Amino acid sequence: MPNFAHSQEPFADSVTQACQHDANAMTLLGHIIAEILHSNLPVTNKGIISALIARLDQQPDPIQRDTYRYLLEMVVNKTPDDFSL
């Protein structure tokens, strides 16, 4: 009989890592938005996209670049009506 508890550990680990990645990405997005606000600029998709592209171009760390790409994909795929509740 297979040991299901053991076979589910890698799945649980991958879910945990994905949640951690999302939390780190959201924290990073919060920092980018704060920087935009600090510059007295409006927080728009265009502003966030520009900031993400600039950071992506300057980032030497491949893991951090993946996070910027992930955020960029999130922002690009959202339209203004997606943010309404």
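Quick caveat, the model's predicted, so the values are computed rather than measured. (Residues numbered from 1 in each chain as written. Predicted model: local features only at pLDDT ≥ 70, side-chain atom pairs only at ≥ 80, totals over all residues. Heavy atoms only, no water.)

Moving on to unusual backbone geometry. Of note, Asn40 is a non-glycine position whose phi angle comes to about 60°, a positive value. Take Asn40: it is sitting in the loop between helix H1 (4-38) and helix H2 (45-58). (Helix = DSSP H or I, 4+ residues; strand = E, 2+ residues; numbered from the N terminus.)

Here we take up helix H3 (residues 62-76). A rise of 1.5 Å per residue sets the reference length of H3, with its 15 residues, at 21 Å; its end C-alpha atoms lie 21 Å apart and thus fit the reference within 8%. Here H3 has its buried residues at Thr67, Tyr68, Leu71, Leu72 and Val75. Mapping the buried residues of H3 onto a view down its axis gives an arc of 135°, with all of them on the same face. Exposed side chains of H3 directed beyond 90 degrees from the buried face belong to Ile63 and Glu73. (Expected span 1.5 Å × (residues − 1). Buried < 20%, exposed > 50% of the residue type's maximum accessible area, 1.4 Å probe, protein only. Arc of directions from axis to C-beta.)

Moving on: the packing of H2 against H3. Contact geometry of H2 with H3 gives a least axis separation of 10 Å together with a crossing angle of 160°. One way to sum up the angle between H2 and H3 is to call them roughly antiparallel. As H2 packs across H3, the resulting crossing turns out to be left-handed. Here H2 contributes Asn45, Ile48, Ile49, Leu52, Ile53, Arg55 and Leu56 to the contact with H3, which in turn contributes Arg65, Tyr68, Arg69, Leu71, Leu72, Val75 and Val76. When grouped by side-chain class, the residues that make up the contact of H2 with H3 number 10 nonpolar, 1 polar and 3 charged. (Axes fitted to C-alpha atoms, helices over the stretch in contact; angles between N-to-C directions. Parallel < 35°, antiparallel > 145°, perpendicular 65-115°, else oblique. Left-handed = near helix turned anticlockwise from the far one by under 90°. Contact = heavy atoms within 4.5 Å. Nonpolar A, V, L, I, M, F, W, Y, C, P; charged D, E, K, R; others polar.)

Turning to the pattern of salt bridges, a few remarks are in order. Summed over the entire model, instances satisfying the criterion amount to 2 salt bridges. Note that Glu35 is salt-bridged to Arg55, the shortest N-O span being 2.5 Å. Separated by 20 residues along the polypeptide, Glu35 in helix H1 and Arg55 in helix H2 bring together distant segments of the chain. Residue classification places Glu35 among the partly exposed residues on the basis of a relative accessible area of 44%. For Arg69, the salt bridge goes to Asp66, with nearest N and O atoms at 2.9 Å. One end of the pair is Arg69 and the other is Asp66, both in helix H3 and 3 residues apart, which spans about a single turn. With relative accessibility at 43%, the residue Asp66 sits in the partly exposed group. (Salt bridge = Lys/Arg side-chain N within 4 Å of Asp/Glu carboxyl O.)

Taken by themselves, the reported measurements are silent on function.
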